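Residues per chain are reported as follows:
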Amino acid sequence: MKRLLTLISLLLQTITVGVLFFSQNLFAQALSLDLGEDTLYVCANEVTTLNPTVSGGTSPYRYLWSDSTTQPSMSYLPSAGDSLWIWLEVGDGALQSVRDSALLVAFDNCIWPGDMNGDGIANHQDVLEWGVAAGASGPLRPRAHTNWIAQPSPDWGPKLPGGHDFAYADANGNGLVHLDDIQAIDKNYVRISPQGIIPPTSGTSMVLDVPNDSSTNVGDTLRIPVVLGSPANPVGSLYGIAFSLQYDNSIINSSSIVIDFDSSWLGDYQVDMTAMIKNFHQDGQLDIAVTRMDQQARSGHGKLFDVIVTIDNIAGKNGEAFPFNLDAKDIKLINALGHSRYIPTSSLSLDIFAEFNPNGPDLPQAEITIYPNPATTSLTIMPADQAIEQVRLTDVTGRTVRTETQRRENAFSWNLEGIRPGIYLLSLYDSSGQWITQKIQLVP
Ligand SMILES: [Ca+2]
Ligand SMILES: [Ca+2]
């Protein structure tokens, strides 16, 4: 029994010593220091502050930087091309000391991803800069990303129209000026109101070419050719164009605006030409930029593209005409070398006629259920009081995409397979020829 007690006492002593040893080590953690990455890339001419991470040891800490300063952090104003070692020594009250160092590299280019002309925002104007450098390659941007933060980048050499290095056109920093860099413009896009820039002189004019022939009705889709140059006055050496279109957002259906680049004299869409379109329906503004991407300008005249819009079904406008105005502003043209000029503002004024339904009042739309919207492969349509006799789907140009004539009194599923994603109008007719129309979005 006595031997057992002695054994237990010995065991307890061992545990106590162990705990004491452990806790002493816990409180006397080694002093440690970290300056961050081994190579710190910074923007030239912007104050860089180094804030080291110091832990462990016994405070207070003592600091000694490579520039002989003794503060916890160090500030430095780098010049372009600087490449210098910075070190820091930290000591503590228990006479421990540690040291860390980093190579600081400063680049003149300080890139906000998507802002290629250096005006402080990313918008359609930057697409024209992108086009001039499209296809170029150069050094990678260290630790690149497309968040809206300034990022230092080495020089590529050639300059963009706005005077910045080609590296600015590589918005995602992967060393290539490619279509994905336009996505960075889109990601960081900021709308600004057109400034109404009027050129001092210009021999070129843009025409929104729709005759005001009293034939446009509420609910119609309207194809507006954007025409640049004429046979008598062709445009020489065009590489890209950017402008803002202002419209009355109570007249144009939200999300119904489509740009059709078919048979453009400037190029083949997504072959040797690309575009960026940003619609701000809430502000009644559409920003458009179109650029070639092979450094080869074109001369010509005629249609650049069509703007296709759907005139909204506006309440209280039945049987009367009302004006519809479009204004293209801040129209900037660029040649392959990046030389730019503005041309005069272009406007369109049409009379829209509110004769949406010549056969009488619309069907009571609220009682007919159509879902889902957006749809993928089918729509469920639930008739209300009247049976549905015909279903018709038309695209934004008014072309019938699918139609079916069959009497339906109960909910039914309507097949949409094989129809390309996009915006469509679904029309449902009853036996007397009355109908309702609803916008349907088809998604992949
Ligand atoms: Ca910009
Ligand atoms: Ca890129």
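Whatever comes next refers back to the structure up there.
Each value, and the rule that gives it
- Counting restarts for each chain, with residues numbered from 1 along the sequence as it is written.
- By the order in which they are written, chains take letters starting at A while ligands take numbers starting at 1.
- The predicted origin of the model limits local features to residues at a pLDDT of at least 70 and limits the giving and counting of side-chain atom pairs to 80 or more, whereas totals for whole chains, interfaces and linings rest on all residues.
- As a rule here, side-chain values cover all heavy atoms of the structure and leave hydrogens and water aside.
- Each metal's donors are the N, O and S atoms found within 2.8 Å of it, except that Na, K and Ca use a 3.2 Å limit; water is left out, so coordination can look incomplete.
- Site shape is set this way: if four donors have all angles between 85 and 135 degrees, tetrahedral; if opposite donors are over 155 degrees apart and all others between 65 and 115, square planar for four donors and octahedral for six; otherwise irregular.
- Between buried and exposed lies partly exposed: a residue is buried under 20% and exposed over 50% of the maximum accessible area for its type, with that area taken using a 1.4 Å probe on protein chains only.
- A strand pair is defined by DSSP finding two or more bridges across the two strands.
- Note on conventions: DSSP H or I runs of at least 4 residues are helices, E runs of at least 2 residues are strands, and numbering of each starts at the N terminus.
- Angles shown run from 0 to 180 degrees and are taken between the N-to-C directions of axes, each axis being a line fitted to C-alpha atoms and, for helices, limited to the stretch in contact.
- Paired rings are identified among Phe, Tyr and Trp, the last through its six-membered ring, by centres lying within 6.5 Å, and are further divided according to the angle between planes into stacked (under 30 degrees), edge-to-face (over 60) and tilted (the rest).
- To sort the angles, those under 35 degrees are grouped as roughly parallel, those over 145 as roughly antiparallel, those from 65 to 115 as roughly perpendicular, and the leftovers as oblique.
- For a crossing to be left-handed, the near helix must be turned anticlockwise from the far one by less than a right angle; the clockwise case is right-handed.
- Every residue pair with non-hydrogen atoms within 4.5 Å of one another is taken to be in contact.
- Residues are grouped as follows: Ala, Val, Leu, Ile, Met, Phe, Trp, Tyr, Cys and Pro are nonpolar; Asp, Glu, Lys and Arg are charged; every other residue, Gly included, is polar.
- Here, the term nonpolar core denotes a set of buried Ala, Val, Leu, Ile, Met, Phe, Trp, Tyr and Cys residues that are joined through side-chain atoms within 4.5 Å.

Colleague: Which residues make up the coordination of the calcium ion (ligand 2), and what values do they have?
Modeller: Around the calcium ion (ligand 2), the protein supplies Asp170 (OD), Asn172 (OD1), Asn174 (OD1), Leu176 (O), Asp181 (OD) and Asp181 (OD) as donor atoms, at distances of 2.2 to 2.6 Å. Coordination at the calcium ion (ligand 2) comes from 6 donor atoms whose angles at the metal span 52 to 163 degrees, giving a geometry best classed as irregular. Binding-site remark: the calcium ion (ligand 2) is held by donors from one chain whose sequence spacing is D-x1-N-x1-N-x1-L-x4-D. Judged by its relative accessible area of 0%, Asp181 falls in the buried class.

Colleague: Go over the sheet that holds strand β23 (residues 369-371) with me, naming the residues and quoting the values.
Modeller: Within the open sheet, the 3 strands sit side by side as β23-β24-β27. Their pairing is antiparallel. Strand pairing shows two members of the sheet lacking a second neighbour, β23 and β27 (412-415), which therefore form its edges. Looking at each pair of strands side by side, their axes are set apart by 25 degrees on average, direction ignored. Relative to β27, strand β24 (residues 378-382) runs antiparallel, the two sharing 4 bridges. In the sheet register, Ile381 faces β27, and the bridge partner there is Phe412.

Colleague: With reference to specific residues and values, describe the packing of aromatic side chains.
Modeller: Under the criterion given, the structure shown has 6 aromatic pairs. Ring centres of Trp112 and Trp148 lie 5.2 Å apart, and the angle between their planes is 50 degrees; this geometry places the pair in the tilted category. Of the two residues, Trp112 is situated in the loop between β9 (109-111) and α2 (125-133) and Trp148 in the loop between α2 and β10 (151-153); the sequence distance between them amounts to 36 residues. Note on Phe243 and Phe305: the rings are 6.3 Å apart at their centroids and 5 degrees apart in plane angle, and the pair reads as stacked. Residue Phe243 is found in strand β14 (residues 240-247), and its partner Phe305 is found in strand β19 (residues 302-310); the two are separated by 62 residues along the sequence.

Colleague: I'd love a proper account of the coordination of the calcium ion (ligand 1), names of residues and values included.
Modeller: Ligation of the calcium ion (ligand 1) by protein atoms is provided by Asp115 (OD), Asn117 (OD1), Asp119 (OD), Ile121 (O), Asp126 (OD) and Asp126 (OD), these donors lying 2.3 to 2.6 Å from the ion. In this structure, the calcium ion (ligand 1) is surrounded by 6 donor atoms whose angles at the metal cover 52 to 154 degrees, and the resulting shape is irregular. Written as a sequence motif, the donor arrangement for the calcium ion (ligand 1) is D-x1-N-x1-D-x1-I-x4-D. The class of Ile121 is buried, set by a relative accessible area of 17%. By relative accessible area, Asp126 is classed as buried at 0%.

Colleague: Could you give me a rundown of the sheet that holds β19, with the residues and numbers involved?
Modeller: Read from one edge of the open sheet, 4 strands run β11-β12-β19-β15, paired in antiparallel fashion. With one partner strand each, in any of the chains shown, β11 (206-208) and β15 (258-260) form the two edges of the open sheet. Averaged over all neighbouring strand pairs, the angle between strand axes comes to 20 degrees, with direction disregarded. In terms of strand pairing, strand β12 (residues 221-228) meets β19 through 8 bridges, oriented antiparallel. Bridge pairing in β19 links Arg223 to Ile308.

Colleague: Please give an account of the packing of α2 against helix α3 (residues 180-187) that cites residues and values.
Modeller: Packing of α2 against α3 brings their axes to within 10 Å, and their N-to-C directions diverge by 165 degrees. Between α2 and α3, the crossing angle belongs to the class labelled roughly antiparallel. Helix-helix and strand crossings are classified by hand; for α2 and α3 the assignment is right-handed. Taking contact as the criterion, the partners of Asp126, Val127 and Trp130 in α2 are, on α3, Asp181, Ile182 and Ile185. In terms of residue class, the contact of α2 with α3 is built from 4 nonpolar, no polar and 2 charged.

Colleague: Lay out the environment of Trp265 with the relevant residues and their values.
Modeller: When you line up the elements, Trp265 lands in the loop between β15 and β16 (273-280). When the C-alpha positions of Trp265 and Leu304 are compared, they lie 5.9 Å apart, and in sequence the two are 39 residues distant. Beyond its immediate sequence surroundings of up to four residues, Trp265 is in contact with Leu228, Val235, Leu238, Arg298, Ser299, Gly300, His301, Gly302, Lys303 and Leu304.

Colleague: How would you sum up the pairing of strand β28 (residues 422-429)? Please name residues and give values.
Modeller: A large share of β28 lies buried, amounting to 7 of its 8 residues. With 6 bridges connecting them, strand β25 (residues 388-395) and β28 associate as antiparallel partners. When the sheet's bridge partners are listed, Gln390 is paired in β28 with Tyr429. The pairing of β28 with strand β29 (residues 435-442) spans 8 bridges and is classified as antiparallel.

Colleague: Summarise unusual backbone geometry; cite the residues concerned and give the values.
Modeller: Most peptide bonds are trans, and most residues other than glycine sit at a negative phi. In this model, Ser59 is joined to Pro60 through a cis peptide bond whose omega is 5 degrees. Assignment of secondary structure puts Pro60 in the loop between β4 (53-55) and β5 (62-65). For Arg143, which is not glycine, the phi torsion reads 50 degrees and is therefore positive. Topologically, Arg143 is positioned in the loop between α2 and β10.

Colleague: Report on the nonpolar core, specifying residues and quantitative values.
Modeller: Of all hydrophobic cores here, the largest spans 41 residues; its most connected members are Met206, Ile224, Leu228, Phe243, Phe305 and Phe324. When residues no more than four places from it in sequence are discounted, the contact partners of Phe324 are Leu222, Ile224, Ile251, Ile252, Ile311, Leu348, Ser349, Leu350 and Ile352.

Colleague: Can you break down the environment of Ile182 residue by residue, with the values?
Modeller: Mapped onto the elements of the fold, Ile182 is located in helix α3. Sequence-wise, Ile182 and Ala122 are 60 residues apart; in three dimensions their C-alpha atoms are separated by 9.9 Å. With near-sequence residues (within four places) excluded, Ile182 lies in contact with Val127, Trp130, Thr274 and Met276.

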